[in-house]
Amino acid sequence: MNHSVWCLFCISLFLLSPPTEQVSTASDPHYWAGVVEFSSQPIEGESDIAATERRLAKYLEIIASPDAVPADVLAFPENTLDTRSTASFVPHPADRIIPCNNLRYEKTVRDVSCEAQRTKKYVLINLTEKARCPEGGDTRPCGPDGHYHFNTNVAFDRDGMVVSRYRKFHLFGEAGMNTTVFPEIASFETDFGVTFGHFICFDMMFNQPALDLVALRVTDFIFPTMWFSELPFLTASQIQQGWALSNNVNLLAAGASWPAVGSTGTGIYSGKRGTITTVMNHEADTKLYIAQVPKIQFPETPVSKLPQHSGTPSQMAKLRLKRDHIDGYKTSDLPMVSNAAYEKSVCYDSTSFCCSFTINYTVKEMLPSQNHYRYKLVAYDAERTFDGFADGEITTCAILACSSDNYADCSQRFGEGQSYEDSVTFNAISISAKFANNYETFVLPTSVDTSIMPLDVTETEYTVVPSATDNEPHNMITYKLIRPRSDLLSFAIWSRKFDYRASGAPLPGVVPSLVLLAALWGVMRNVCRF
């Protein structure tokens with residue numbers, strides 16, 4: 001072989017070889033992660049098969065892209081790849097199968113396995129799984145085609161092997177989809193010293209399996225979602241940051257991008273250190289976001305936060321937002337007069353639950369014709385419905401923006417074509433209340449501005465102090481704004497109660513046993529064939 005031919009041969013090998021970026025190791029204080037915001041909006045007249053093939057091709061393009069080269073792990077959103085009619089069989093992780101080129105599995109699973117193997121990355125996707133029915137000890141009725149269908153996460157390792165599988169337990173509607181008998185506890189270990197737990201979208205509103213994984217000391221999570229954002233507490237980036245902060249865990253959230261129906265919200269969050277990167281789109285977009293993630297066990301590791309690109313309030317009006325059922329809240333108007341130390345207590349149901357507010361704020365003089373936000377201080381401790389798909393109890397203390405004096409306009413924004421003035425500058429806020437300290441209660445800080453972005457953790461302080469004067473365990477929780485803001489839509493302490501009891505506390509010894517049983521069940525399902 002002459003010299004020129006040999007050079008061409010070497011060049012071709014180089015071009016065809018996968019990227020060889022140095023991967024993170026177990027001793028490194030950080031790892032590299034990528035999360036994908038993905039637009040899966042349908043094309044008129046496109047068949048399910050064609051749509052799945054088009055989306056799969058884009059997934060593979062992203063995994064192989066130069067932007068993805070540094071990533072140790074990539075995460076894709078919920079419900080953006082396939083449909084029920086193009087569902088895939090998924091290997092059980094206990095079988096240690098590499099689906100690449102294995103014709104027992106559909107092209108979707110095969111090709112992602114091959115690309116994970118080729119690029120030497122951990123990849124987690126969400127898809128519609130079909131499973132033969134009955135399966136294991138599950139004797140519930142089968143579908144008309146003789147299969148179960150699940151909303152499923154599938155994790156591949158650097159060799160393309162399926163190392164974890166999770167079937168969504170808390171469905172948000174999703175007619176025709178099945179659930180497992182009990183919530184699965186799903187996680188997988190990596191060669192860079194991090195164990196990832198994972199769950200899907202609406203699961204975040206419940207203790208099982210998400211908080212069970214936290215109780216088992218999992219510190220890093222992957223969260224595929226097609227979230228439908230809701231004011232004043234549950235816009236996507238807002239709840240993602242709050243969940244990660246309250247649990248002090250790393251959260252890799254990959255969101256579907258369809259703002260016209262309310263879906264967007266992708267980010268990487270590092271526990272109490274806050275948001276590394278996040279996005280809330282007003283127009284559908286497909287984009288990979290890469291960041292260096294400090295490991296929780298290295299708390300002194302510097303955080304390299306990326307610049308946040310947010311839309312203007314007028315642009316973000318294109319993002320459809322639902323509104324919580326806040327009409328039953330106890331409220332008090334914030335006087336539209338500047339005050340350096342306004343104090344107010346607002347109680348729900350007499351004195352059973354009270355919120356203490358201390359606010360330093362400045363009011364701008366407004367003309368009667370000028371649009372502007374007013375604010376209410378609110379307290380609530382009762383049930384709500386999540387669009388009729390589930391009911392649950394919440395407890396909250398909050399400051400809410402209202403676009404008029406009418407309470408029906410609280411947590412309603414000004415529209416895309418409406419101009420308005422920032423009427424109130426909050427120089428400092430302190431909200432305090434007492435919350436039960438038990439397995440059934442999960443509390444988080446939450447805030448969102450007019451660009452539908454959460455406030456950075458450097459602008460706030462969140463403290464949890466055990467109360468020593470109560471018969472049952474309680475925490476005194478305080479959430480403070482420490483830097484002036486004039487664009488708040490909400491600022492709140494928000495909590496979920498998962499199993500309402502009059503005492504507010506679980507029976508002694510029951511909860512640890514339930515967590516252990518749930519963990520054992522999850523491990524058995526992932527290690528053994530059930």
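Everything below is about the structure shown above.
Residues numbered from 1 in each chain as written. Predicted model: local features only at pLDDT ≥ 70, side-chain atom pairs only at ≥ 80, totals over all residues. Heavy atoms only, no water.

### A closer look at the sheet that holds strand β12 (residues 275–279)
Here is the rule: What makes two strands pair is DSSP finding at least two bridges between them. A run of H or I in DSSP counts as a helix once it spans at least four residues, and a run of E counts as a strand once it spans at least two, with each numbered from the N terminus. Geometry is summarised by axes, namely lines fitted to C-alpha atoms with helices restricted to the contacting stretch, and by angles between N-to-C directions that run from 0 to 180 degrees.
With mixed pairing, the 6 strands of this open sheet are ordered in space as β6-β7-β8-β10-β11-β12. The two strands at the open ends of the sheet, each matched to only one other strand, are β6 (187–189) and β12. Ignoring which end each strand starts from, the neighbouring axes of this sheet average 15° apart. Bridge count between strand β8 (residues 220–225) and strand β10 (residues 250–255): 6 bridges; the pairing is parallel. Looking at the pairing, F221 lines up with L251 of β10.

### Quick notes on the environment of T396
Selection rule: Type-normalised accessible area, obtained with a 1.4 Å probe on protein chains alone, sets the label of each residue: buried when under 20%, exposed when over 50%, and partly exposed for intermediate values. Residues are treated as being in contact if the distance between any of their heavy atoms lies within 4.5 Å. Whenever two N or O atoms come within 3.5 Å, that pair is a polar contact, provided that in protein one can donate a hydrogen and the other can accept it, and provided that, for residues adjacent in sequence, both atoms are side-chain atoms.
Structurally, T396 can be placed in strand β19 (residues 391–402). Classification of T396 by relative accessible area gives buried; the value is 0%. The sequence separation of T396 and Y348 amounts to 48 residues, and the corresponding C-alpha distance is 9.7 Å. Look past the residues within four positions of T396 in its chain and what remains in contact with it is F233, Y329, F353, C355, V378, A379, Y380, A492, I493 and W494. A polar atom in the side chain of T396 sits 2.8 Å from the backbone oxygen of I493.

### Quick notes on the layout of surface pockets
The condition that has to hold: The method works on a 1 Å grid over the protein atoms by themselves. A cavity is a set of points holding a 1.4 Å probe that cannot get out, a pocket is an open set with protein on both sides within 12 Å along at least five of seven lines, and residues with an atom within 4 Å of a point line them. Grid points are joined across faces, edges and corners, and a volume is the space filled by probe spheres set on the points.
The space that makes up the largest pocket amounts to roughly 640 Å³. Mapped by element, the contributors of at least two residues to the lining of the largest pocket are α4 (210–215), α5 (236–247), β21 (441–449), β22 (460–467) and β23 (474–481). No other element matches β22, which puts 4 residues into the lining of the largest pocket.

### Observations concerning α5
Short version of the rule: Every helix has an expected span of 1.5 Å times one less than the residues it contains.
The first and last C-alpha atoms of α5 sit 17 Å apart over 12 residues, in line with the 16 Å expected at 1.5 Å per residue. Taking burial as the measure, the 12 residues of α5 include 11 buried ones, the bulk of the element. Listed as buried for α5 are A236, S237, Q238, I239, Q240, Q241, G242, W243, A244, L245 and N247.

### Quick notes on the pairing of β8
Note on strand geometry: in a regular strand, side chains alternate between the two faces of the sheet. Of all 6 residues that make up β8, 6 are buried, and the element is covered over most of its length. In β8, alternate side chains face the same way, and those of D220, I222 and P224 on one face and F221, F223 and T225 on the other are all buried. Judged from the 3 bridges that link them, strand β7 (residues 195–198) and β8 form a sheet pairing that is parallel. Each residue of the ladder has a partner; that of G197, found in β8, is F221.

### Some thoughts on empty space enclosed by the protein
Scanning the entire structure with this criterion turns up 3 cavities of 30 Å³ or more. Volume-wise, the largest cavity comes out at about 70 Å³. Put simply, the parts of the chain that give the lining of the largest cavity at least two residues each are α5 and β21. When residues in the lining of the largest cavity are grouped by element, the largest group, 4 residues, is from α5.

### With respect to the side chain of K130
By the element assignment, K130 lies in strand β3 (residues 122–132). When near neighbours in sequence (up to four residues on either side) are disregarded, K130 contacts A87, S88, F89, E106, H147, Y148 and H149.

### A short note on the packing of aromatic side chains
Threshold: Here a Phe, Tyr or Trp ring, Trp counted by its six-membered ring, pairs with any other such ring whose centre lies within 6.5 Å, and the pair is stacked when the planes are under 30 degrees apart, edge-to-face when over 60, and tilted otherwise. Here, a charge over a ring means that NZ of Lys or CZ of Arg falls within 6 Å of the ring centre while also lying within 35 degrees of the ring normal.
Per the stated rule, a full pass over the model turns up 30 aromatic pairs. Between Y462 and Y479 the ring centres are 6.0 Å apart and the planes differ by 80°, which places this aromatic pair in the edge-to-face class. Taken together, the positions of Y462 in strand β22 and Y479 in strand β23 put the pair 17 residues apart, joining distant regions of the chain. Under the relative-accessibility criterion, Y479 is labelled buried at 4%. Ring pairs connect the aromatic residues F172, F202, F206, F228, F386 and F389, which therefore count as one cluster. Positioned over the ring face of F206 is R496, at 5.4 Å from the centre of the ring.

### Description of the packing of helix α2 (residues 48–63) against helix α3 (residues 107–119)
For any two helices packed against each other, one specifies the crossing angle of their axes together with the interaxial distance. What counts is decided by this rule: Note on terminology: angles under 35 degrees are roughly parallel, angles over 145 are roughly antiparallel, angles of 65 to 115 are roughly perpendicular, and the others are oblique. Classes in brief: Ala, Val, Leu, Ile, Met, Phe, Trp, Tyr, Cys and Pro nonpolar; Asp, Glu, Lys and Arg charged; the others, Gly included, polar.
Packing of α2 against α3 leaves a shortest axis separation of 10 Å and a crossing angle of 10°. One finds that α2 runs roughly parallel with respect to α3. Residue-level contacts link T52, L56, L60 and I63 of α2 to K107, T108, D111, V112, E115 and T119 of α3. For the contact of α2 with α3, the class distribution of residues is 4 nonpolar, 3 polar and 3 charged.

### Side note on the nonpolar core
Definition in use: Here, the term nonpolar core denotes a set of buried Ala, Val, Leu, Ile, Met, Phe, Trp, Tyr and Cys residues that are joined through side-chain atoms within 4.5 Å.
One finds M205, W243 and F426 to be the most contacted residues of the largest nonpolar core, which totals 88 residues. With 7 residues, β19 is the largest single contributor of residues to this core. Sequence-distant contacts of M205, that is, excluding residues within four places in its chain, are made with W227, L234, I239, F386, W494, R496 and F498. Counting 27 residues, the second largest nonpolar core, distinct from the first, contains L56, I63, Y105 and I125.

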